[in-house]
Structure formats: structure tokens, C-alpha cells
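An overview of the molecular structure
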Amino acid sequence: MVTAGQIGNDLGFLGVSPDEERFYRALLRNREAAGDHEQAVLTRMLELGVVVRTPAGGLRPLSPKRAVERLIEHRLGQVQDDLEETGRRAGVVDSLSAEADPTRTTTYDNPAIRQIEGLEAVRSAIDEMTFFAHTENLTTNPVGVLSPESIEVSRPIDLRILRRGVRMRTLMASACLQDGTTMAYLRELATQGAAVRVSPHPLERMIICDRAVALTPIDPDNTARGALLTREPGLVSTVVSLFERMWAASQELPEETLPTLTETEHRILHTLYLVDKDETGARQLNMALRTYRKHVARLMARLDADNRFQAALRARERGWV
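It should be emphasised that the depicted structure is a prediction, and the values quoted were computed from it without experimental measurement.

Before going further, it helps to examine helix 12 (residues 289–303). Taking 1.5 Å as the rise per residue, helix 12 with 15 residues should run 21 Å; its terminal C-alpha atoms sit 21 Å apart, in good agreement. When we look at burial in helix 12, the residues that qualify are Tyr292, His295, Val296, Leu299, Met300 and Leu303. What you see down the axis of helix 12 is that its buried residues fit within an arc of 135°, all on one side. Facing away from the buried side of helix 12 by more than 90 degrees, the exposed set consists of Arg290 and Ala301. Asp304 occupies a position one or two residues after helix 12 and carries a positive phi of about 55°.

The structure is reproduced here in C-alpha cells:
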């Protein structure tokens, strides 16, 4: 058996020091038993996002799966930022642009207004816009609901922007309030420094970078048709003004509220920490095994957990128990 004192530095390859790993492991065992720790260790773990503060001011660790995912994402982000900065210093884009056929520059090389057709081409344009953003990124979402696939596409772009210190403001339609997946992602962005608001009014779709370039749909009712990318100062200024009016009429992203759990659900969540088998948990609660399993299945669905252990950790992360 490996004791706490014998733990090595399994997370070292992800940039976590032995002291930081010991602190995280202590929190996993017991939030109240983290022991003495240096302020620098706590600050670092909060910055990495694998430990967060609860509304009551306490500390809670992310589940091991989510923590490792966050650390990998952070490490990849550092590598990506280093490569991007190296590319900028070396003038790679300028060097390659010098090789371009000058007779074709008006077709693709930053014209005042450009029509972009096809989803992949639009995504490529968004990636290019945000890659070169230095100060500000403004976006709206008139639908308000983000699919898991859309979030996976957006996450690396959004986090890259925030890591570089670019100010991000995101305006969502009110439908987001009814979608748990979307709200979880918006709160993730907010913890990374993004400003997110919800509009009770209809929104126009747009993306604006550095108040110098704007992307709007060709047809607001059919975004599949493509988008218009403009660098014309007068048009960009008009789009920015529209965004600011919609922003001023919107509301702050509401605080996350704890779910309403029945006393039975509370007791079942506690048993998930203490027992390995459903039969044992049902017996401890003097409950029929089939009933116990139904409760566990519903709780797992609410927590988006793949197994009972993950459900217990996520319930603890969210302060449900």
C-alpha cells in the first residue's frame, strides 16, 4: 500500500510540483484535511483551475479526470502560445505572404469586405480572426444553446484568447438558461476571465475582434449560407455600436444555484462515498435494491457521470454533499 508520504510526482509532466500534487491529493481525500500549505501552492493550484473556491470560501478539488484534462489543456495551451509567439517574432506570416501571387491578393488577402461560404471556411475565418486578436473579442449567440460539438470546437479558441489576456465579452440569448450543457460552458469561460451576459431581447449574430474586423452572417435566418467579413472602419464601427447597445440591455450571467435534493437523494449520495456495491448501499438505507438503483441512475444522469465513483466526486465538486 502506498501512503501519502510515499507519493511521487505523477503530475510532474503536466507542470505540477510535488508540493502542489500533495496538496491536491489531500483535498481529494478530505476538503478539511488539506493540512498546512504555502500560499504559493494554493495560488498556483487555483490558477491551474484544478482547485476552486466554493461560494462559502472553502476549497474543493476537481475530480481526477477533469483535473488531468484541465492540466493537459493548460500545458497544450502553453506550447501553442509559445509557438504562436515564435511565429510572430519570426515574421512567418509576412514571409509567406510575400510569396503570394500579387494578382490574387484582392481575392483572399484582407479585402475590406469578403464573402465566406461554407461552415468550414467560416470556422477557419474565425480561427484566423481570433489568432490575431490582441485586445478584445466580442461575440453574440442569438440561439443561446451550444451543442457539445460546437463547444468542443469553440473551447480551444476561446481559452487561447483568454490565456493571452484578450478581453472577451460574450452575449447569449436567454435560451441558454434552460440548457445545462451551455450554462456549464459559459461558467467555465467566466472562471477563466470572460464576461458573459444574457439578453432577454433578440440578438444579431456577430463576432468582432479588436474593433477592427467583424464577421456577420450573409443571411441571419440561414447561417449555413456563409458570412461576411469586413475590415471597413465605418462598417465595423456600426457593428460595434450595435453590440454595445445589445450588451447594455442584457443581464449578468446568474450565479449557479444548488439543486433541490430530497433527503433520500442526499443519503444515497453519501453512500456512494462509503460503499462499493449497490446491495450494501441499499441495505444501509433499508431500501429495495431496485429502488436504490433507480435513484442512483437519476443522480448519475443529473451529474453527467459515467459511473458511481465519478458521480460521488462531481456531487462533492458542486457542493451537493
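Still more to cover.
Examined against the element boundaries, Thr139 turns out to sit in strand 4 (residues 136–141). Residue classification places Thr139 among the buried positions, given a relative accessible area of 16%. If near-sequence neighbours (up to four positions away) are discounted, Thr139 is found in contact with Arg169, Thr170, Leu171, Met206, Ile207 and Phe243.

What follows covers helix 6 (residues 119–131). It helps to recall that an α-helix has 3.6 residues per turn; residues three or four apart then point in one direction. The end-to-end C-alpha separation of helix 6 is 18 Å, in line with the 18 Å expected for 13 residues at 1.5 Å each. Of the positions making up helix 6, those classed as buried are Val122, Ala125, Met129 and Thr130. Viewed along the axis of helix 6, the buried residues span an arc of 125°, placing them on a single side of the element. On the buried face of helix 6, the contacting elements are strand 3 (113–116), strand 4, helix 7 (148–163), strand 7 (207–209), strand 8 (213–217) and strand 9 (227–230).

Taken N-terminus to C-terminus, the directions of helix 6 and helix 7 make an angle of 15°; their axes are 10 Å apart at the nearest point. Here helix 7 runs roughly parallel to helix 6, going by the angle between their axes. Taken as a pair, helix 6 and helix 7 cross one another with a handedness that is left-handed. Contacts from Arg123, Asp127, Thr130 and Phe131 in helix 6 reach Val153, Ile157, Arg160 and Ile161 in helix 7.

Rules used in this analysis
- Within any chain, residue numbers begin from 1 and follow the written order of that chain's sequence.
- With pLDDT at 70 or above as the cut-off, local features in this predicted model cover only qualifying residues; side-chain atom pairs require 80 or more to be listed or tallied, and sums for whole chains, interfaces and linings still use all residues.
- For the side-chain quantities, the full set of heavy atoms in the structure was used; hydrogens and water were omitted.
- In this description a helix means any DSSP run of H or I spanning at least four residues, a strand means any run of E spanning at least two, and both kinds are numbered starting from the N terminus.
- A helix is expected to reach a length of 1.5 Å times the quantity of its residues less one.
- Relative accessibility thresholds used throughout: buried, under 20% of the residue-type maximum; exposed, over 50%; partly exposed, between the two (1.4 Å probe, protein chains only).
- The directions considered for the arc are those from the helix axis to the C-beta atoms.
- Contacts are assigned to residue pairs that have any heavy atoms within 4.5 Å of one another.
- Fitting a line to C-alpha atoms yields each axis, with helices limited to the stretch in contact; the angle taken between N-to-C directions then spans 0 to 180 degrees.
- Convention used here: angles under 35 degrees read as roughly parallel, angles over 145 as roughly antiparallel, angles from 65 to 115 as roughly perpendicular, and any remaining angle as oblique.
- Should the near helix be turned anticlockwise from the far one by less than a right angle, the crossing is termed left-handed; should it be turned clockwise, right-handed.

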